[in-house]
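What follows is each chain in one-letter form.
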Amino acid sequence: MDWRVRFVDYPEQWRRQRAELLPLIEDTLAAGDLMLRHQLLEFENNLAAFNTSRRAVGVSNCTDGLRLLAHALDVGPGDEVLTVAHTFVATISPFVLRGAKPVFADIGPDHLMDIDDLAAKITSRTRVIIPVHLNGRTVDMPTVMHLAGEAGATVIEDAAQALGATLDGQTAGTFGLASTYSFYPAKLLGAFGDGGAVLTDDEPLADRLLHLRDHGRVAKAEIDGWGYNCRLDNLQAAVLDWRLARLPQWIERRRELARRYDEQLGDVPDLELPVGPNADGRRYDVFQNYPVTTDARDRLVEHLRADGIETLISWPVPLHRQKGLGLEHWKLPHTERLCDRVLSLPLHPELADDQIDIVAGSIRRFFGAG
Ligand SMILES: *Cc1c(COP(=O)(O)O)cnc(C)c1O
């Protein structure tokens, strides 16, 4: 399909970055810096500083970051892990695979964890609470931390979609014990494949994760326990470090494009927009996605496709409605309703203003809004 507006535009991204990235890749390969070299250390240091965290541990992907944390915390049978069903399955799978029971809070109007429902779902067995900063917007973390403190639960933030977001001036991912990030190509900070990181202020935990990601090795020939192979490739780290330096301007561009959608779609009846970049003085949202909601979602997707506009539904089926997961006893009315109505519009830093206008114009025609 020849899209007029792609959901993510990797070819355009490469066209813009090629001249600077090729020499960097060449240098890294020419030096033979392939595993656990200075490029990875530099990226980890810069990433921690960017997020105002003490430590960053590069890992193979966000899911593996959660897996190493589940191992380090020794989560297992008898433990409940509390999160939302409106998230990617990876938020919870590493914990369930260790024998923990998944528990779901419903979501609120901003698509994030509903704090009242979270409070209602906490039990004496709640071991870990995983708020998900979906679409680049930070969950109400002060309240989550308060509830977790009362319950004696550990908080791990799934910040795969929220690198650089803040709430009340504090960076997402710095509230809980640790936070996990994804460098999947379509994420805010993307690699040329899979990548991820765990951020934390807890030095012993960070050291433990460094060992766990590398077969339990504390030195070349010394092993301090069973471990995994979950390293972040050095070449990916070199590319990610270069991109991290440019991330603030790319986030600003995302926010600018979100404002443009807001301006052009704000008066369309029967279409709800996400909370805008300037609507909430407490937050700096980084707009991993621009999700709209409408009862006519499926017809709108077809209409946009016919106009050459690529969209994404995250996610059409909530986790507790996935037949293969055996979670169908859960009832989460707001989550279920959102999954029937939500649609993410194209939003990435390579988009031109007039591409936003094309998308907005097509949506206005669909709704007969002129
Ligand atoms: C992308 C994503 C993940 C998984 O990240 P991977 O790097 O692909 O393992 C987890 N949680 C959320 C919310 C995500 O968006």
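Definitions and cut-offs
- Residues numbered from 1 in each chain as written.
- Predicted model: local features only at pLDDT ≥ 70, side-chain atom pairs only at ≥ 80, totals over all residues.
- Heavy atoms only, no water.
- Axes fitted to C-alpha atoms, helices over the stretch in contact; angles between N-to-C directions.
- Helix = DSSP H or I, 4+ residues; strand = E, 2+ residues; numbered from the N terminus.
- Parallel < 35°, antiparallel > 145°, perpendicular 65-115°, else oblique.
- Left-handed = near helix turned anticlockwise from the far one by under 90°.
- Contact = heavy atoms within 4.5 Å.
- Nonpolar A, V, L, I, M, F, W, Y, C, P; charged D, E, K, R; others polar.
- Salt bridge = Lys/Arg side-chain N within 4 Å of Asp/Glu carboxyl O.
- Buried < 20%, exposed > 50% of the residue type's maximum accessible area, 1.4 Å probe, protein only.
- Expected span 1.5 Å × (residues − 1).
- Domains from an automatic or database assignment.
- Buried area = accessible area lost by both parts, 1.4 Å probe.
- Polar contact = N/O pair within 3.5 Å; in protein donor to acceptor, adjacent residues only side chain to side chain.

Focus: the packing of helix 3 (residues 62–72) against helix 7 (residues 203–212)
Two quantities define a packed helix pair, namely the angle between the helix axes and the distance between the axes. Running from amino to carboxyl end, helix 3 crosses helix 7 at an angle of 115°, the nearest separation of the two axes being 10 Å. As far as their axial angle goes, helix 7 and helix 3 are roughly perpendicular. Relative to helix 7, helix 3 is oriented so that their crossing is right-handed. From helix 3, Leu68, Leu69, His71 and Ala72 reach across to helix 7, where they touch Leu205, Arg208, Leu209 and Leu212. Tallied by class, the residues present in the contact of helix 3 with helix 7 amount to six nonpolar, one polar and one charged.

Here's the deal with the pattern of salt bridges
Overall, the coordinates contain 34 salt bridges when judged by the stated rule. Salt-bridge contacts for Glu203 lead to Arg55; the nearest nitrogen and oxygen are separated by 2.5 Å. Of this pair, Glu203 sits in helix 7 while Arg55 sits in strand 1 (residues 55–59); the two residues are 148 residues apart in sequence, bridging distant segments of the chain. On the basis of relative accessible area, Glu203 is assigned to the partly exposed category, the value being 31%. Among the salt bridges present, the one from Glu256 reaches Arg253, with a minimum N-O distance of 2.7 Å.

With respect to helix 11 (residues 353–366)
For an α-helix, 3.6 residues make a turn, and residues three or four places apart therefore share a direction. Taking 1.5 Å per residue, 14 residues should reach 20 Å; helix 11 reaches 20 Å between its end C-alpha atoms and fits that length. For helix 11, every residue scored as buried is listed here: Gln355, Ile356, Val359, Ala360, Gly361, Ser362, Ile363, Arg364 and Phe366. Elements in contact with the buried residues of helix 11: helix 8 (234–265), helix 9 (297–306) and strand 14 (342–345). Just beyond helix 11, the residue with positive phi is Gly368, at close to 65°.

As for the domain arrangement of the chain
The domain architecture assigned to the chain consists of domain 1 (10–244) and domain 2 (247–367). Here the C-alpha centroids of domain 1 and domain 2 sit 24 Å apart. Every contact between the two is made by 45 residues of domain 1 and, on the other side, 34 residues of domain 2. With both chains or domains summed, domain 1 and domain 2 bury close to 3300 Å², and 60% of this area falls on carbon and sulfur atoms. Seen at the junction of domain 1 and domain 2, the total is three salt bridges. The residue Asp280 makes a salt bridge to Arg137 at a minimum N-O spacing of 3.0 Å. In this structure, the connection of domain 1 to domain 2 is made through 17 residue pairs in polar contact (both at pLDDT 80 or more). Going through the elements one at a time, helix 1 (10–30), strand 3 (101–105), strand 6 (166–167) and helix 8 are the ones with two or more residues in the side of domain 1 that touches domain 2. For the side of domain 1 that touches domain 2, the per-class residue count stands at 23 nonpolar, twelve polar and ten charged.

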